[in-house]
Amino acid sequence: MRTFKKDFLWGGAVAANQFEGAWDADGKGASVSDMCTNGTHTVPKRITTVIEPDTLYPSHEAIDFYHHYKEDIALFAEMGFKTFRLSIAWTRIFPTGMETEPNEAGLKFYDSVFDECKKHGIEPLVTISHYEMPYALIEKYNGWYGRECIELFVRYCEVIFERYQGKVKYWLTFNEINSGTMPMGNILSLGTVKGYSGSIMDVPDDPKIRFQALHHQFVASAKAVKLAHEKYPEYKMGNMICFITKYPYTCNPDDVIMTQKEMQITNWFCSDIQVRGYYPAYAERYFEENGIVIKKEPGDDEILREGTVDYYTFSYYMSTCTGNTSDGAQTAGNLVGGLKNPYLEASDWGWQIDPKGLRYTLNEIYDRYQIPLMVVENGLGAYDKIEEDGSINDDYRIDYLRKHIEQMREAAADGVDLMGYTPWGCIDLVSASTGEMAKRYGFIYVEKYDDGTGNLARRRKKSFEWYKQVIASNGTQL
């Protein structure tokens, strides 16, 4: 039986803006996600420039981890978590992002969370910025398009790096930084939506602005990594990529070349910079063909070289196909969709299920970079039903996760240096893409619903006990 390494980091993943709630408690400021309304599978959520009365903003309460963290971390410990991936809300520490002094109440909250993790022997894996940029920075600078955000982010990093010494070892700079290569990244990651109010699907998009903002994130990420390496050598600094595996729709060489080009910009571009330390050669042609000119300041290239990451992490949910055809059926996906693969099944939300694609992806990434990898998001968003006896029999989720873990095991046997696995939404939370609760991922059900009602009670799903067994057996009992 092939097994994972003895110190494999089993756990789960969440994001502050999708599960903490308490959006304006104890001095916290508004983030971009706090300005987003709820949506559904078919009706997109909206972003507003002001909080509208009688409108539901799901992140405002979410599942209220802010007041339930001890209970929730105890449940993670019961499952046997070795690590817990969470994010710090920038606006808890600097409410507008522009203060000179941090908010002590926000710092104390994460002290308490990390202390609770330590009490249960759980290693925090902390994302510094996970889709929750201070909204004040959008209003003032149009988000990351403003170079001023670099130093504001570094100030934030200086505070949390110093504060959480001995409590946090593993850090990730920006969640799914490569979302900035796609129009959806304007709102989720880059914050380049100054003055915009409306559907998140109709956000104005200018690739010139988007890639300039992304450059500023690269510099900010590299500066944070460099700072950590110089002052806190015990810290391990990682990146985080939304990996959208793409296959050629046919064996027509045109489809193969088209797929290669999409893979370069969507999946490889950001990590080539964060892992290798410089802009890849293929980007030059892409920029030229799309009228993009990156404005760099003196020293930027040196900073990128000096701020390369120690390990690579990514999300993996699905794969799509790419080809020169108008006949193929379309399929949905994480951030972007593509052509439907006739060999795959799909989830309730139309995302194709491709466990073997995870093995393929792990091998491709490791062959390219030769640094440790971690799958920090993977999971099945589905409708869960509470039975009359109170049980939640999510066998479909168990099946999805089992097949992906099997393929991770194969990748490890292939020689991939795999550090750990943190399935997404280990406890139910608000969907980033649709703003709904109905799309559930967790091992733990939270009684919170799309109309904002619910008593926030926690219930163990069938997958809870299953995952507990997986961890206890280090992935041998699936």
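Scroll up to find the structure.
Residues numbered from 1 in each chain as written. Predicted model: local features only at pLDDT ≥ 70, side-chain atom pairs only at ≥ 80, totals over all residues. Heavy atoms only, no water.

1. Structural notes on the overall build of the chain
Formally: Every helix listed is a DSSP run of H or I at least four residues long, and every strand listed is a run of E at least two residues long, numbered separately from the N terminus. What the globule rule says is 2.2 Å times the number of residues to the power 0.38, and the radius of gyration is computed from C-alpha atoms. Between buried and exposed lies partly exposed: a residue is buried under 20% and exposed over 50% of the maximum accessible area for its type, with that area taken using a 1.4 Å probe on protein chains only. Here, two residues are considered to be in contact whenever any of their heavy atoms come within 4.5 Å of each other. Each accessible area is a Shrake-Rupley estimate made with a 1.4 Å probe; only the visible protein chains count as cover when residues are assessed.
Summing up its helical and strand segments, the chain has 14 helices and 18 strands in all. A compact globule built from 478 residues should have a C-alpha radius of gyration of about 23 Å, and the chain, at 21 Å, falls within 12% of that. Projected onto its principal axes, the C-alpha coordinates of the chain cover approximately 60 × 55 × 45 Å. Scored against the burial criterion, the 478 residues of the chain give a buried share of 61%. Partitioning the intrachain contacts of the chain with sequence separation of at least 6 by distance along the chain shows that 74% fall at a separation of at least 24. Only carbon and sulfur atoms are counted for the fraction: they give 49% of the accessible area of the chain, which is about 18100 Å².

2. As for the packing of helix α9 (residues 253-276) against helix α10 (residues 281-289)
Defined as follows: Each axis is a line fitted through C-alpha atoms, and for a helix only the stretch in contact is used; angles between axes span 0 to 180 degrees, taken between their N-to-C directions. Take the far helix as the reference: if the near one is turned anticlockwise from it by less than a right angle, the crossing is left-handed, and if turned clockwise, right-handed. We call Asp, Glu, Lys and Arg charged. Ala, Val, Leu, Ile, Met, Phe, Trp, Tyr, Cys and Pro are nonpolar, and the rest, Gly among them, are polar.
Following both chains from N to C, one finds α9 and α10 inclined at 115 degrees, their axes separated by 11 Å at the closest point. Of the two possible hands of crossing, α9 and α10 adopt the one that is left-handed. Where α9 approaches α10, its residues Lys261, Gln264, Ile265, Trp268, Phe269 and Asp272 are matched on the opposing element by Tyr282, Ala283, Tyr286, Phe287 and Glu289. For the contact of α9 with α10, the per-class residue count stands at seven nonpolar, one polar and three charged.

3. Digging into α10
Quick reminder of the rule: Each C-beta atom gives one direction from the helix axis, and the arc is the one those directions make.
Those residues of α10 that fall on the buried side of the exposure criterion are Tyr282, Ala283 and Phe287. Buried positions in α10, seen along its axis, are confined to an arc of 135 degrees and lie on one side of it. Turned more than 90 degrees away from the buried face of α10 sit Ala281, Glu284, Arg285 and Glu288, all of them exposed. Packed against the buried residues of α10 are α8 (207-231), α9 and α12 (355-369). Of the residues flanking the end of α10, it is glycine 291, one or two places downstream, whose phi is positive at about 65 degrees.

4. A word on the sheet that holds strand β16 (residues 418-421)
Defined as follows: For two strands to be treated as a pair, DSSP must find at least two bridges joining them.
With parallel pairing, the eight strands of this closed barrel are ordered in space as β1-β3-β4-β5-β7-β9-β15-β16. Direction aside, neighbouring strands of the sheet carry axes that sit 30 degrees apart on average. When strand β1 (residues 9-13) meets strand β3 (residues 83-87), the two strands line up parallel, connected through three bridges. If you follow glycine 11 over to β3, its bridge partner there is threonine 83. Packed on one face of the sheet, α8 meets β5 (170-174) and β7 (236-242) and runs near 160 degrees to β5.

5. Some points on the state of the cysteines
Note the cut-off: The definition used for a disulfide is geometric: two cysteine sulfur atoms within 2.5 Å.
Scanning the model with the defined rule gives zero disulfides in all. Cysteine cysteine 36 shares no disulfide, and the gap to the nearest cysteine sulfur, in cysteine 149, comes to 17 Å. Residue class for cysteine 36 comes out buried when judged on its relative accessible area of 6%. Here cysteine 321 stays free of any disulfide, with the sulfur of cysteine 251 as its closest cysteine sulfur at 12 Å. Judged by its relative accessible area of 6%, cysteine 321 falls in the buried class.

6. Examining the environment of glycine 415
By the secondary structure assignment, glycine 415 is in the loop between α13 (395-414) and β16. Residue glycine 415 is classed as partly exposed on the basis of its relative accessible area of 43%. For the pair glycine 415 and tyrosine 366, spaced 49 residues apart in sequence, the C-alpha separation works out to 8.8 Å.

7. Brief notes about the packing of aromatic side chains
How we decide: Whether two aromatic rings pair depends on their centres lying within 6.5 Å, for rings of Phe, Tyr and Trp, where Trp uses its six-membered ring; planes under 30 degrees apart make the pair stacked, over 60 edge-to-face, and the rest tilted. Placement of a charge over a ring requires the Lys NZ or Arg CZ to be within 6 Å of the ring centre, with the centre-to-atom vector within 35 degrees of the ring normal.
Summed over all chains, the structure comprises 50 aromatic pairs. Its guanidinium or amino end placed over the ring of phenylalanine 109, arginine 92 lies 5.6 Å from that ring's centre, counting from NZ or CZ. Here arginine 460 stacks its cationic end above the ring of phenylalanine 464, 5.4 Å away from the centre of that ring.

8. Remarks on the environment of threonine 476
Going by this rule: We call two N or O atoms a polar contact when they sit within 3.5 Å, provided that within protein one can donate a hydrogen and the other can accept it, with sequence-adjacent residues counted only if both atoms are side-chain atoms.
Inspection of the secondary structure puts threonine 476 in the segment after α14 (462-472). As a C-alpha pair, threonine 476 and glutamate 162 span 314 residues in sequence and 39 Å in three-dimensional space. Within the structure, threonine 476 has its side chain in polar contact with the backbone oxygen of serine 473 (distance 2.8 Å).

9. Notes on the side chain of aspartate 272
Its place among the elements puts aspartate 272 in helix α9. Residue classification places aspartate 272 among the buried residues on the basis of a relative accessible area of 1%. Setting aside its immediate chain neighbours within four residues, aspartate 272 contacts Gly277, Tyr278, Pro280, Tyr282, Arg368 and Tyr369.

10. Notes on the nonpolar core
Within soluble globular proteins, side chains that are nonpolar tend to cluster in buried spots. We apply this condition: To form a nonpolar core, buried Ala, Val, Leu, Ile, Met, Phe, Trp, Tyr and Cys residues must be joined to one another through side-chain atoms within 4.5 Å.
Counting 147 residues, the largest nonpolar core has Trp144, Phe161, Trp171 and Phe269 as its most contacted members. Of the residues forming this core, the biggest block, 11 residues, is contributed by α8. Residues Leu9, Leu125, Met240 and Val376 belong to the second largest nonpolar core, which totals nine residues.

11. Details of the pattern of salt bridges
Here is the rule: One speaks of a salt bridge when a side-chain nitrogen belonging to Lys or Arg is within 4 Å of a carboxyl oxygen belonging to Asp or Glu.
A full pass over the atoms with the stated rule returns 33 salt bridges. Salt-bridge contacts for lysine 403 lead to aspartate 399; the nearest nitrogen and oxygen are separated by 3.2 Å. Of the two residues, lysine 403 and aspartate 399 both sit in helix α13, four residues apart, roughly one turn of that helix. Overall, lysine 403 belongs to the partly exposed group, its relative accessible area being 37%. A relative accessible area of 30% means that aspartate 399 is categorised as partly exposed.

12. Some points on the pairing of strand β10 (residues 319-322)
Of the two faces of β10, the one lined by Ser319 and Cys321 and the one lined by Thr320 and Thr322 are each fully buried. Taken together, the four bridges between strand β8 (residues 245-248) and β10 define a ladder with parallel strand orientation. What sits directly across from lysine 246, in β10, is threonine 320.

13. As for unusual backbone geometry
One can expect most non-glycine residues to show negative phi and most peptide bonds to be in trans. Although it is not a glycine, asparagine 142 sits at a positive phi angle of roughly 55 degrees. Within the secondary structure, asparagine 142 is located in the loop between α5 (135-141) and α6 (148-163). Phi angles above zero are rare outside glycine, and glutamine 370 is one such case at about 55 degrees.

14. As for the side chain of glutamine 217
Along the chain, glutamine 217 falls in helix α8. Overall, glutamine 217 belongs to the buried group, its relative accessible area being 0%. Once you skip the residues sitting within four places of it in the chain, glutamine 217 turns out to touch Trp144, Phe174, Ile177, Ser189 and Leu190.

These figures capture arrangement, not role.
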